[in-house]
Amino acid sequence: EPEVTQTPSHQVTQMGQEVILRCVPISNHLYFYWYRQILGQKVEFLVSFYNNEISEKSEIFDDQFSVERPDGSNFTLKIRSTKLEDSAMYFCASVQGADTQYFGPGTRLTVL
Amino acid sequence: SQQGEEDPQALSIQEGENATMNCSYKTSINNLQWYRQNSGRGLVHLILIRSNEREKHSGRLRVTLDTSKKSSSLLITASRAADTASYFCATETGGKLIFGQGTELSVKP
């Protein structure tokens, strides 16, 4: 069964460094999402992406964040200058249409 | 209350018992989805119910949706120790999912 994959599974970085989190959505899906979950809290929507552009973003998704689909398969989330409060689990999800969103296993980001 | 709030926050039952979790939301939705998360792991999709559906079944799972009350429930029948996890409802509006705080289910053998 096709699945969403994410790399790395765990990323440790120093405050102020740039990180890129990578996702490979399911191949025939059209809509892509990033969510994050701070430890012990609920999953929060960050951004949605369709047709090579951002369709919606949350208040969390400020100008330190960016997303890109550099080729036909990868979908990336970049944080330009990480802060301590960016430490969280980041999930990528994809969906074909108005249907089930399939989540990847997540990347645990730890900012020191 | 916030969109997608689950009740109870924690539930502890014995193996073989049924577990019921409730979810309330505030705005109109296209569909409501339930996910499961084992500690520190990814989100596993369980079931999706559309706004024009009232009840759906999948194996030991039964989901109901009452759009007039803006609420949903997830019933897990004949629970097993392996069902121990956090369960989240998520409402879909305009594509994005809005998650609740989740219910932590503990099933004791």
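Residues numbered from 1 in each chain as written. Chains lettered and ligands numbered in written order. Predicted model: local features only at pLDDT ≥ 70, side-chain atom pairs only at ≥ 80, totals over all residues. Heavy atoms only, no water.

## Focus on the pairing of strand E7 (residues 65-68) of chain A
Here is step 1 of the chain: In the sheet, E7(A) pairs with strand E8 (residues 75-79) of chain A via 4 bridges, with the strands oriented antiparallel. Looking at E8(A), one finds that Ser66(A) is bridged to Lys78(A). (Pairing = 2+ DSSP bridges. Helix = DSSP H or I, 4+ residues; strand = E, 2+ residues; numbered from the N terminus.)

## Some remarks on the sheet that holds strand E6 (residues 55-58) of chain B
Residues and elements named next belong to chain B.
Here is step 1 of the chain: The 5 strands lie next to each other as E1-E3-E8-E7-E6, forming an open sheet whose pairing is antiparallel. Pairing within the sheet leaves two strands with one partner each, and these edge strands are strand E1 (5-7) and E6. Taking the axes of each pair of neighbouring strands and ignoring which way they run, one obtains an average angle of 20° across the sheet.
Here is step 2 of the chain: As defined by bridge partners, E1 adjoins strand E3 (residues 19-24) across 3 bridges and the pair is classed as antiparallel. When the sheet's bridge partners are listed, Glu-5 is paired in E3 with Ser-24. (Axes fitted to C-alpha atoms, helices over the stretch in contact; angles between N-to-C directions.)

## Quick look at the interface of chain B and chain A
Here is step 1 of the chain: Taken together, the contact pairs 19 residues of chain B with 18 residues of chain A.
Here is step 2 of the chain: The largest per-residue losses of area from chain B upon contact with chain A belong to Leu43(B), Lys96(B) and Phe99(B), which jointly make up 32% of the total buried on that side.
Here is step 3 of the chain: In this structure, the connection of chain B to chain A is made through 2 salt bridges.
Here is step 4 of the chain: Notably, a salt bridge pairs Asp99(A) with Arg50(B), separated by 3.7 Å at the nearest N-O pair.
Here is step 5 of the chain: Breaking the side of chain B that touches chain A down by element, the ones donating at least two residues are strand E4 (31-37), strand E5 (43-50) and strand E10 (96-99) of chain B.
Here is step 6 of the chain: With 4 residues, the top contributor of residues to the side of chain B that touches chain A is E5(B).
Here is step 7 of the chain: Considered class by class, the residues forming the side of chain B that touches chain A number 6 nonpolar, 10 polar and 3 charged. (Contact = heavy atoms within 4.5 Å. Buried area = accessible area lost by both parts, 1.4 Å probe. Salt bridge = Lys/Arg side-chain N within 4 Å of Asp/Glu carboxyl O. Nonpolar A, V, L, I, M, F, W, Y, C, P; charged D, E, K, R; others polar.)

## Thoughts on the sheet that holds E7(A)
All names here are of chain A.
Here is step 1 of the chain: A sheet is described by the order of its strands in space; here 4 strands give the open sequence E1-E3-E8-E7, paired in antiparallel fashion. The two strands at the open ends of the sheet, each matched to only one other strand, are strand E1 (5-7) and E7. This sheet shows a mean twist of 20° between the axes of neighbouring strands, independent of strand direction.

## Remarks on the confidence of the model for chain B
Regions with low pLDDT carry predicted coordinates that are not meant to be interpreted in detail.
Here is step 1 of the chain: This prediction gives chain B a mean pLDDT of 92; 96% of its residues lie at or above 70.
Here is step 2 of the chain: Taken element by element, chain B is modelled with least confidence in E1(B), mean pLDDT 80, and with most confidence in strand E7 (residues 61-66) of chain B, mean pLDDT 97. (pLDDT = per-residue confidence, 0-100.)

## Remarks on the layout of surface pockets
Here is step 1 of the chain: Taken as a whole, the largest pocket spans an internal volume of roughly 530 Å³.
Here is step 2 of the chain: As for the largest pocket, its lining consists of 26 residues, and the residues nearest its centre are Gln37(A), Gly40(A), Gln41(A), Gln37(B) and Ser86(B).
Here is step 3 of the chain: Breaking the lining of the largest pocket down by element, the ones donating at least two residues are strand E9 (88-95) and strand E11 (107-111) of chain A together with strand E9 (85-93) and strand E11 (103-108) of chain B.
Here is step 4 of the chain: Its boundaries defined by the atoms lining it, the second largest pocket holds a volume of some 260 Å³.
Here is step 5 of the chain: Glu3(A), Phe103(A), Gly104(A), Leu43(B) and Val44(B) are the residues nearest the centre of the second largest pocket, which is lined by 15 residues in total.
Here is step 6 of the chain: Listing elements by their share of the lining of the second largest pocket, those giving two or more residues are strand E10 (102-103) of chain A together with E5 of chain B.
Here is step 7 of the chain: For the lining of the second largest pocket, the element with the most residues is E5(B), which contributes 3 residues. (1 Å grid on protein atoms, 1.4 Å probe; cavity = no way out; pocket = protein on both sides within 12 Å on 5 of 7 lines; lining within 4 Å. Points joined across faces, edges and corners; volume = space filled by probe spheres on them.)

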